[in-house]
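Structural characterization, general
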Amino acid sequence: MSHTVGVRQTQKLRTRQALLDAALGLLEHQSLSSLGLREVTRAAGVTPTAFYRHFEDTAALGVALVEEALGSLHGMIGAVLAETGDSEERLGRSVELILRHVGEQPAHFRFIAREQHGGVGPVREAIAAQLRRFAEDVAAALAEEPESRGWSEEDLLMLGGLHVDHMVITASALLDAGPDGEREVAGVARRRLRLVTLGRLHWLDDANGADTP
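The following paragraphs examine the structure supplied in this document. Each chain carries its own residue numbering, running from 1 in the written order of its sequence. Reporting of local features is limited, given that this is a predicted model, to residues whose pLDDT is at least 70; pairs of side-chain atoms are given and counted only at 80 or more, and all residues count toward the totals for whole chains, interfaces and linings. As a rule here, side-chain values cover all heavy atoms of the structure and leave hydrogens and water aside.

Moving on to the environment of A143. Here a strand is any run of E in DSSP of at least two residues, a helix any run of H or I of at least four, and the numbering for each starts at the N terminus. By the element assignment, A143 lies in helix 8 (residues 121-143). A143 sits in the partly exposed class, given a relative accessible area of 38%. Residue contacts are counted whenever heavy atoms from the two residues lie within 4.5 Å of one another. Residue contacts for A143: discarding those within four places in its chain leaves S148 and L156. The buried label applies to any residue whose accessible area, calculated with a 1.4 Å probe on protein chains only, is under 20% of its type's maximum; exposed applies above 50%, and partly exposed to all values in between.

Structure representation (structure tokens):
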């Protein structure tokens, strides 16, 4: 009995993954808002009825793609930030992580880049939620550093958000540049991070007058 249940569960997971893979392939050439359920099931080789065993609609499928694209990055970025070395070194290694991840999953990142401001609300919200989590993770890591002494939680979260925005910009630039332009994109990304890092060191120099016009 348990063997039968195991086989069914394995088949269920395979079908779900087939739907995700089929949708991702179709989304190379169109937006999620224009994607039809029957297109996906035809490409996956399953019936429309089978689709509803896994997803409520194409928006739910899109949310699952967001998790597939960005979910695994949380642990990776956390591990990079936890490594030894100064903040500039570790953030530089985060650039390497983005280079590798975009190179391994370009279709996922093209999907994220297109749908971040796309027409499917739940997917926009899912992407925004993932990026907020990234910002919180980075802020928590930066809070442990001596350079953050005296910083407020609000300012640390703002700094974390700057790094996440930089990550998104770098990923988009890599997609546009292709393999031939990767080195240039990486160089610009590192210089921008260095600028943010240097600015961070002097953020509290004039804290009382920081908001004065």
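Having put the structure on the table, let's press on.
A few words on the side chain of H108. Along the chain, H108 turns up in helix 7 (residues 106-115). Side-chain polar atoms of H108 contact the side chain of E68, separated by 2.8 Å. Every residue in contact with H108, bar those within four places of it in the chain, is listed here: L24, L65, E68 and A69. Residues adjacent in sequence count toward polar contacts only when both atoms are side-chain atoms; beyond that, a polar contact is any pair of N or O atoms within 3.5 Å, and within protein one must be able to donate a hydrogen and the other to accept it.

Okay, the packing of helix 8 against helix 9 (residues 153-177) next. Throughout, an axis means a line fitted to C-alpha atoms (over the contacting stretch in the case of helices), and angles, computed between N-to-C directions, take values from 0 to 180 degrees. Where helix 8 contacts helix 9, the two axes come as close as 7 Å, and the packing angle between them is 125°. Classified by the angle their axes make, helix 8 and helix 9 are oblique. Crossing handedness for the pair helix 8 and helix 9: right-handed. Counted together, L131, F134, A135, E136, V138, A139, L142 and A143 of helix 8 and L156, L157, L159, G160, G161, H163, V164, M167 and V168 of helix 9 form the full contact between these two elements. Among the residues making up the contact of helix 8 with helix 9, the classes are represented as 13 nonpolar, three polar and one charged. Throughout, the term roughly parallel applies to angles under 35 degrees, roughly antiparallel to angles over 145, roughly perpendicular to angles from 65 to 115, and oblique to all others. Crossings are assigned a handedness: left-handed for a near helix turned anticlockwise from the far helix by less than a right angle, right-handed for a clockwise turn. Polar here means any residue other than Ala, Val, Leu, Ile, Met, Phe, Trp, Tyr, Cys and Pro, which are nonpolar, and Asp, Glu, Lys and Arg, which are charged; Gly is therefore polar.

Okay, the packing of aromatic side chains next. Aromatic pairs are defined between Phe, Tyr and Trp rings, using the six-membered ring for Trp, whenever the two ring centres lie within 6.5 Å; interplanar angles under 30 degrees are classed as stacked, those over 60 as edge-to-face, and all others as tilted. Taken as a whole and judged by the stated rule, the model has three aromatic pairs. Residues F51 and F55 carry aromatic rings whose centres are separated by 5.7 Å and whose planes lie at 50° to one another, so their mutual orientation is tilted. Relative to W203, the ring of W151 lies with its centre 6.1 Å away and its plane at 35°, an arrangement referred to as tilted. Highlighted residues: W151 in the loop between helix 8 and helix 9 and W203 in the segment after helix 10 (182-201), separated in sequence by 52 residues. The class of W151 is buried, set by a relative accessible area of 12%. Residue W203 is classed as partly exposed on the basis of its relative accessible area of 36%. Members of the aromatic cluster, each reached through a chain of ring pairs, are F51, Y52 and F55.

Turning our eyes to something else, we now look at the pattern of salt bridges. When a carboxyl oxygen of Asp or Glu is within 4 Å of a side-chain nitrogen of Lys or Arg, the pair counts as a salt bridge. A full pass over the atoms with the stated rule returns three salt bridges. Taking the shortest distance from any N to any O, the salt bridge between R190 and E96 comes out at 1.9 Å. Of the two residues, R190 sits in helix 10 while E96 sits in helix 6 (residues 87-104), which places them 94 residues apart along the sequence.

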